[in-house]
Every structure is written in structure tokens, then in C-alpha cells.
Amino acid sequence: MSERVNVRVLLLVGDEAEIVADAEDATEPERYPVVELLAAVGGDRAELPGVRLTARVGAGERLFDWRRRG
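Residues numbered from 1 in each chain as written. Predicted model: local features only at pLDDT ≥ 70, side-chain atom pairs only at ≥ 80, totals over all residues. Heavy atoms only, no water.

Student: So what's going on with the packing of aromatic side chains? Which residues, and what values?
Tutor: Under the criterion given, the structure shown has one aromatic pair. Taking 5.0 Å as the distance between ring centres and 75 degrees as the angle between the ring planes, the aromatic pair formed by tyrosine 32 and tryptophan 66 counts as edge-to-face. You can see tyrosine 32 sitting in strand S3 (residues 30-33) and its partner tryptophan 66 sitting in strand S5 (residues 63-68), a full 34 residues away along the chain. Judged on exposure class, the residue tyrosine 32 and its partner tryptophan 66 are both buried. (Phe/Tyr/Trp six-rings, centres within 6.5 Å; stacked < 30°, edge-to-face > 60°. Helix = DSSP H or I, 4+ residues; strand = E, 2+ residues; numbered from the N terminus. Buried < 20%, exposed > 50% of the residue type's maximum accessible area, 1.4 Å probe, protein only.)

Student: I'd love a proper account of helix H1 (residues 34-41), names of residues and values included.
Tutor: Taken residue by residue, H1 has Val34, Leu37 and Val41 as its buried positions. Along the axis of H1, the buried residues cluster in a sector spanning 65 degrees; they form a single face. Pointing more than 90 degrees away from the buried face of H1 are the exposed residues Val35 and Ala39. In the stretch just after H1, glycine 42 is the one whose phi turns positive, near 70 degrees. (Arc of directions from axis to C-beta.)

Student: So, the sheet that holds strand S2 (residues 16-21): which residues are in play, and what are the values?
Tutor: Read from one edge to the other, the open sheet built from five strands follows the order S3-S2-S1-S4-S5, with strand pairing classed as antiparallel. The sheet terminates laterally at S3 and S5, the two strands that pair on one side only. Strand-to-strand twist across the sheet, computed as the mean angle between neighbouring axes with direction ignored, equals 45 degrees. As paired strands, strand S1 (residues 4-13) and S2 are joined by six bridges and run antiparallel to one another. Paired with valine 7 across the two strands is alanine 21, which belongs to S2. (Pairing = 2+ DSSP bridges. Axes fitted to C-alpha atoms, helices over the stretch in contact; angles between N-to-C directions.)

Everything listed here is a matter of geometry and, on its own, says nothing about what the molecule does.
Okay, structure coming up:
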């Protein structure tokens, strides 16, 4: 079973969202398609920046199985 981690959406750049681990020492964001996030968590594109999510860590350290933290 893969690990679930807390992340947050920093900002949107075109069709991609910059995602960073939800930790004070996290510095390197990674980009994921906005459509992938919206398909998983719903809502409106404009609401994504600042949203806190969880995701599972998969092959190659890529995140998937996005869920809103709540």
C-alpha cells in the first residue's frame, strides 16, 4: 500500500497546478494537470490555489488519488 501525504496547491500556471508538501520545510513544488485535480476533488478551477489535499505516492514519486483534506 502506498503512503498518503498532505499537500497544498500553491498556484496555477496555465493548465498545471503547482503542488507542494504541506510542511514548513517544503520548497520544491511539482506540477500536475489541473484537470486531473478537478476530476478527483471537484470544485472550480479558481478555488484550487490554497486548497489542502492528500494524495498517495506512486511509482517515480508521482502523486495520485487526490482527496480534499477535511
